[in-house]
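The residues making up each chain are set out below.
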Amino acid sequence: MKRFIDLAELTHEQVQDLLALAQRLEVRPERQALAGKVLGLVFMNPSLRTLASFQSGMAQLGGACFVITPGQGTWQLETRDGVVMNGAAAEHIREGLPVLASYCDALGIRVFADGKDLAADLAEKKFGAMAALVDRPLINLESAVNHPCQALADWKTLDELPGAARRKFVLSWVSHPKALPLAVPAATVHMAAMRGMEVVVLRPDGFALPAAIMDKARSAAAASGGSVTETADRAAALSGAHVIYAKEWGCTSHYGDDDADKEMRRPLKDWCVRNDWFAQAAADCRLMHCLPVRRNSAVADEVLDGPRSLVLRQAYNRLPAQMAVLHRLLKA
Amino acid sequence: MKRFIDLAELTHEQVQDLLALAQRLEVRPERQALAGKVLGLVFMNPSLRTLASFQSGMAQLGGACFVITPGQGTWQLETRDGVVMNGAAAEHIREGLPVLASYCDALGIRVFADGKDLAADLAEKKFGAMAALVDRPLINLESAVNHPCQALADWKTLDELPGAARRKFVLSWVSHPKALPLAVPAATVHMAAMRGMEVVVLRPDGFALPAAIMDKARSAAAASGGSVTETADRAAALSGAHVIYAKEWGCTSHYGDDDADKEMRRPLKDWCVRNDWFAQAAADCRLMHCLPVRRNSAVADEVLDGPRSLVLRQAYNRLPAQMAVLHRLLKA
Amino acid sequence: MKRFIDLAELTHEQVQDLLALAQRLEVRPERQALAGKVLGLVFMNPSLRTLASFQSGMAQLGGACFVITPGQGTWQLETRDGVVMNGAAAEHIREGLPVLASYCDALGIRVFADGKDLAADLAEKKFGAMAALVDRPLINLESAVNHPCQALADWKTLDELPGAARRKFVLSWVSHPKALPLAVPAATVHMAAMRGMEVVVLRPDGFALPAAIMDKARSAAAASGGSVTETADRAAALSGAHVIYAKEWGCTSHYGDDDADKEMRRPLKDWCVRNDWFAQAAADCRLMHCLPVRRNSAVADEVLDGPRSLVLRQAYNRLPAQMAVLHRLLKA
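About the thresholds
Residues numbered from 1 in each chain as written. Chains lettered and ligands numbered in written order. Predicted model: local features only at pLDDT ≥ 70, side-chain atom pairs only at ≥ 80, totals over all residues. Helix = DSSP H or I, 4+ residues; strand = E, 2+ residues; numbered from the N terminus. Rg over C-alpha atoms; globule rule 2.2 N^0.38 Å. Buried ≥ 20, exposed ≤ 12 C-beta atoms within 10 Å, placed from the backbone. Contact = placed C-beta atoms within 7 Å. Least-squares fit on C-alpha atoms with pLDDT ≥ 70 in both. Pairing = 2+ DSSP bridges. Axes fitted to C-alpha atoms, helices over the stretch in contact; angles between N-to-C directions. Nonpolar A, V, L, I, M, F, W, Y, C, P; charged D, E, K, R; others polar. Expected span 1.5 Å × (residues − 1). pLDDT = per-residue confidence, 0-100. Core = buried A, V, L, I, M, F, W, Y, C linked by C-beta atoms within 7 Å. Domains from an automatic or database assignment. Parallel < 35°, antiparallel > 145°, perpendicular 65-115°, else oblique. Left-handed = near helix turned anticlockwise from the far one by under 90°.

(A) Seen up close, the overall build of chain A. Summing up its helical and strand segments, chain A has 12 helices and 12 strands in all. Taken against the 2.2 N^0.38 rule, which gives 20 Å for 332 residues, the C-alpha radius of gyration of chain A at 20 Å falls within 12% of a compact globule. If one aligns the C-alpha atoms of chain A with their principal axes, the spans along those axes are about 55 × 50 × 35 Å. In chain A, which comprises 332 residues, the share counted as buried stands at 59%. In chain A, the proportion of contacts linking residues at least 24 apart, taken out of those at least 6 apart, comes to 79%.

(B) Structural detail: the relation of the copies chain A and chain B. With an RMSD of 0.0 Å, chain A superimposes on chain B once it is rotated by 120° and translated 0.0 Å along the axis. These values place the two chain copies in the arrangement generated by a three-fold rotation axis.

(C) Highlighting the pairing of strand β11 (residues 243–247) of chain C. Residues and elements named next belong to chain C. The buried fraction of β11 amounts to five of the five residues, a majority that puts the element mostly inside the structure. Because side chains alternate across β11, one face comprises the buried residues Val 243, Tyr 245 and Lys 247, and the other comprises Ile 244 and Ala 246, equally buried. Across five bridges, strand β8 (residues 168–173) lies against β11 in parallel orientation. In the strand pairing of β11, Val 170 is matched with Ile 244. Judged from the three bridges that link them, β11 and strand β12 (residues 286–288) form a sheet pairing that is parallel. Paired with Tyr 245 across the strands is Met 288, a residue of β12.

(D) Summary view of the sheet that holds strand β1 (residues 3–4) of chain C. Spatially, β1-β7-β6-β2-β3 (chain C) is the arrangement adopted by the five strands of the open sheet, whose pairing is parallel. Because the sheet does not close on itself, it has two edges, and the strands there are β1 and β3 (64–68) of chain C. Sheet topology places strand β6 (residues 106–110) of chain C next to strand β7 (residues 138–140) of chain C; three bridges connect them, and they run parallel. In the strand pairing of β7(C), Leu107(C) is matched with Leu138(C). Strands β2 (38–43) and β3 of chain C of the sheet are contacted by helix α2 (residues 49–60) of chain B, whose axis makes an angle of about 175° with β3(C).

(E) Examining the relation of the copies chain C and chain B more closely. The two copies are related by a screw operation: chain C maps onto chain B through 120° of rotation and 0.0 Å of translation along the axis, at an RMSD of 0.0 Å. Little of the interface of chain C is mirrored in chain B, where only 4% of its interface residues again form contacts.

(F) Up close: the interface of chain C and chain B. Listed per partner, the contact involves 27 residues of chain C and 30 residues of chain B. Of all elements in the fold, only β2, β3, β5 (91–92) and α3 (93–102) of chain C reach the threshold of two or more residues within the side of chain C that touches chain B. Considering every element that reaches the side of chain C that touches chain B, the biggest residue donor is α3(C), with six residues. A breakdown of the residues in the side of chain C that touches chain B according to their chemical character gives 15 nonpolar, 10 polar and two charged.

(G) Structural context of helix α2 (residues 49–60) of chain A. Residue and element names in this part refer to chain A. The terminal C-alpha atoms of α2, which comprises 12 residues, lie 16 Å apart, in line with the 16 Å expected from a rise of 1.5 Å per residue. Of all the 12 residues making up α2, 12 are buried; the element is thus mostly covered by neighbouring parts of the structure. Three or more residues of α2 are buried, namely Arg 49, Thr 50, Leu 51, Ala 52, Ser 53, Phe 54, Gln 55, Ser 56, Gly 57, Met 58, Ala 59 and Gln 60. Gly 62 sits one or two positions beyond α2 and adopts a positive phi of about 90°.

(H) Representation of the confidence of the model for chain A within the structure. Residues with a pLDDT of 70 or more make up 99% of chain A, whose mean pLDDT is 96. For this predicted complex, the interface confidence score (ipTM) comes to 0.97, while the overall pTM stands at 0.97.

(I) The arrangement of the sheet that holds strand β10 (residues 227–231) of chain B in detail. Residues and elements named next belong to chain B. Spatial strand order, β10-β9-β8-β11-β12: five strands in an open sheet with parallel pairing. On the outer flanks of this sheet lie β10 and β12 (286–288), each paired with one strand and no other. Direction aside, the axes of adjacent strands within the sheet are offset by 20° on average. Judged from the five bridges that link them, strand β8 (residues 168–173) and strand β9 (residues 198–202) form a sheet pairing that is parallel.

(J) Structural view of the interface of chain A and chain B. Taken together, the 30 residues of chain A in the interface contact 27 residues of chain B. Breaking the side of chain A that touches chain B down by element, the ones donating at least two residues are α2 and α12 (311–330) of chain A. Considering every element that reaches the side of chain A that touches chain B, the biggest residue donor is α2(A), with eight residues. Of the residues belonging to the side of chain A that touches chain B, the class tally is 16 nonpolar, nine polar and five charged.

(K) Inspection of the nonpolar core at higher detail. If you look at the biggest cluster of nonpolar residues, it comprises 360 residues, and the most contacted ones within it are Val199(A), Ile244(A), Val199(B), Ile244(B), Val199(C) and Ile244(C). Apart from residues no more than four positions distant in its own chain, Val199(C) is found in contact with Phe169(C), Leu171(C), Val189(C), Ala192(C), Ala193(C), Ala217(C), Ala221(C), Gly226(C), Ser227(C) and Val228(C).

(L) Structural context of the domain arrangement of chain A. All names here are of chain A. Parsing chain A into structural domains produces domain 1 (3–147 + 318–330) and domain 2 (150–314). The C-alpha centroid of domain 2 is placed 25 Å from the C-alpha centroid of domain 1. Looking at the side of domain 1 that touches domain 2, the element that brings in the most residues is helix α1 (residues 12–27), giving four residues. For the side of domain 1 that touches domain 2, a count of residues per class yields 14 nonpolar, four polar and five charged.

(M) Representation of the packing of helix α6 (residues 148–159) of chain A against helix α7 (residues 183–194) of chain A within the structure. Residue and element names in this part refer to chain A. In the contact formed by α6 and α7, the axes pass within 9 Å of each other and the chain directions differ by 40°. It follows that α6 is oblique to α7 by the angle criterion. Like other packed secondary-structure pairs, α6 and α7 cross with a definite hand, here right-handed. Touching Pro 148, Gln 150, Ala 151, Asp 154 and Trp 155 of α6 are Val 184, Ala 187, Thr 188 and Met 191, all from α7.

(N) Spatial organisation of the environment of Asp105(C). Residues and elements named next belong to chain C. Here Asp 105 lies in the loop between α3 and β6. Taking C-alpha positions, Asp 105 is 7.1 Å from Pro 137, a pair spaced 32 residues apart along the chain. Apart from residues no more than four positions distant in its own chain, Asp 105 is found in contact with Lys 37, Val 38, Leu 39, Arg 136 and Leu 330.

Laid out in structure tokens, this is it:
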């Protein structure tokens with residue numbers, strides 16, 4: 001494995017190998033596996049789980065990290081090509097990223113969607129431009145429409161549920177004060193499809209996932225024997241569900257239009273997962289969310305604090321899943 | 001030892017054990033004692049000594065740290081229960097802290113007093129809510145009314161003075177441009193009392209330490225054979241003193257009222273420790289302060305730069321004292 | 001070697017020793033050379049290369065770092081002597097720096113020029129005041145008029161060019177939206193002179209390097225058999241050049257006067273290195289720059305993306321050069 005950018009670049013067998021390794025590292029730590037190795041972490045956007053778990057994972061494998069947060073102790077980075085740099089950004093990614101790559105054995109990059117131009121975001125214009133500058137093993141710490149570290153951790157979490165392999169997985173849009181990126185919904189629907197689950201995307205009108213994301217997931221489902229459908233009918237979607245994966249994202253019918261987005265989400269305050277969402281679900285239906293989650297806006301306290309919630313386990317699984325990725329990328 | 005939250009939770013013997021271990025680690029480093037161990041550090045407020053000394057201490061014991069500063073590269077954290085999260089904070093401590101704890105072997109948390117509601121601060125409402133979410137060894141990096149790391153380092157510093165064990169210890173209020181928390185004065189008066197010293201709290205009217213803090217210190221003094229008194233009479237307090245521990249804190253008679261606080265401290269500019277404060281003190285009387293100190297506001301250059309000052313030694317002692325705490329919390 | 005402050009404090013032999021060690025560490029890593037050692041890094045100003053490469057270098061040698069950025073998670077530091085501290089800065093360097101030094105085996109400090117008082121900046125008033133407070137091995141991470149880490153890396157980069165030892169080295173002023181410090185031009189002209197090169201400082205009228213900087217470089221040239229001249233005649237300077245080292249700096253004839261500086265640089269937009277700058281240069285003439293570089297303001301895309309550019313190699317060489325410095329300062 002040369003890079004960890006998108007779960008879709010991996011075969012089912014490669015994913016199984018990573019998950020087996022993750023489990024092994026939980027039981028039998030390898031304190032010196034990455035001794036002398038250095039991981040560089042570049043955060044163009046905020047982080048909590050990714051920032052902490054990668055540093056912890058490298059340390060537990062005997063390696064080390066450095067963290068770069070442009071604009072915070074470090075120059076702001078220009079990403080546009082051909083521009084005359086006479087504004088705030090003092091450094092261009094064309095210098096910044098190759099330089100950082102030359103200081104480490106692997107580089108992780110987080111860069112969210114601009115959220116203005118859907119085609120550019122779907123094409124991963126920004127992450128792609130940055131990735132092209134790095135000649136080291138590369139890890140996607142969340143890009144415009146992907147979050148493979150989260151997807152791998154979620155896969156592991158689902159594996160830990162008894163018999164859930166091919167069950168009904170509902171990715172449901174939930175309420176949030178403002179538009180959020182498509183990275184996690186896109187990665188999640190693809191991950192569940194790749195696992196062969198019966199995937200239903202539940203979302204209000206105007207919030208359908210873009211065709212490119214749905215098509216990619218349907219291809220994965222075709223290969224795995226799963227399925228991917230979508231609906232705005234909450235009752236139908238939740239009926240018989242084994243997993244409700246709650247996630248916030250922006251209005252896609254008016255992508256990048258903040259005023260329209262605000263108007264569209266105003267009447268959707270009841271898209272907050274409460275106990276009654278589980279009334280017609282399977283008895284052992286669980287709640288997933290990638291975090292951070294806004295309590296009582298996206299998911300109610302009663303669900304997050306109840307026995308259905310897997311959110312802390314999902315977050316914990318980031319650590320062993322990523323340690324497996326680091327091990328495969330960096331261990332000679 | 002499962003946690004290091006408050007010196008009052010430790011027996012005199014446990015404190016002696018930590019101090020002996022601190023001294024041993026200074027002489028005989030243990031480069032691999034905490035190999036593979038990870039300490040998470042969460043700073044809700046600024047830091048210099050704590051931030052640097054914990055990272056250095058873990059490294060010197062073979063372990064590693066990650067640092068999380070909510071609002072700086074990391075989402076702001078909501079601390080209130082039951083709230084609908086539609087404001088600036090994207091994540092609740094109910095998720096954030098258990099997640100961070102799951103990535104490390106021990107967690108340190110710094111969260112200062114709100115400084116609005118004295119009863120809430122005395123009850124450690126905020127730190128307590130955070131501590132309750134952590135199922136790992138926990139270190140108090142300074143809370144509303146405690147700073148056990150400073151207290152342990154100060155205990156070590158006092159031990160290094162010849163024969164000072166039961167001498168006169170004056171905790172003196174000093175001038176500062178605005179109200180500061182009660183954490184260090186509370187921890188200091190308790191520490192000195194626990195050591196069996198003759199403790200005098202010297203403070204202007206309106207700045208008396210709350211009864212809960214004084215009562216706790218008096219209990220410790222009763223057990224150790226020391227004493228705790230308070231006065232606004234500077235000459236009486238300083239007479240015969242062996243240690244003047246200078247510290248700034250807010251007006252307690254108008255706690256949380258910034259305007260009243262400002263009014264109360266306006267005429268107190270002469271509460272700045274100068275050489276003449278030592279005129280009637282013991283010949284070898286020393287100056288202590290936990291730092292940071294505002295020069296010529298709280299303590300004059302002539303004292304900080306003179307032979308009486310122990311402030312750098314106090315700060316240095318944070319390192320071995322905390323290494324002992326880490327060793328006891330994390331070494332199998 | 002007790003400190004690494006200024007290349008001028010080192011003999012030619014000491015520089016050669018560092019460069020040989022840098023090369024050896026690239027070929028034969030020493031994973032445990034600095035085990036248990038801790039480097040403290042204090043950044044009063046932003047950084048990318050220095051921040052990342054020192055952390056990576058220490059990790060690759062088995063040691064660790066802590067990073068302190070005053071004003072970002074840490075109190076702002078007061079640098080003036082004798083002041084009554086009732087403003088924003090909560091801590092004085094007279095406490096802050098000795099304390100940090102006591103937590104580590106070596107300390108690195110970055111503090112840029114104030115850019116107001118040329119004599120004070122040339123005298124390294126600020127860095128000097130900070131350095132005087134540190135009783136550990138000290139590394140200059142860039143001060144008002146020095147950047148020895150960059151100079152050592154550049155020396156290594158020049159050594160990698162076939163036969164360039166005594167060739168023509170042109171340090172050229174280039175355009176930038178605002179005044180930048182003299183640290184890199186001063187360090188660069190001295191480094192090239194110390195190497196015995198034919199050094200030409202090319203700059204518009206009003207941007208001559210201060211006499212103190214030129215005199216110091218000329219002394220180095222006298223000892224090494226090189227030369228140092230200056231001119232505003234671009235054609236003459238570039239003719240036959242083997243290296244064009246582009247660098248931005250502020251107007252020195254109106255030092256510290258932002259309005260005059262802006263007026264002076266307004267007509268100088270064509271001081272941007274383009275391919276045609278190399279027309280009369282040596283066939284194998286190379287472009288150097290310390291980074292960060294503003295593309296199409298200081299150097300054009302066509303040069304930075306072309307085969308003449310050494311900027312990424314220069315930045316990479318920071319890593320082995322600094323590892324050699326750390327090794328000599330810290331290895332018993």
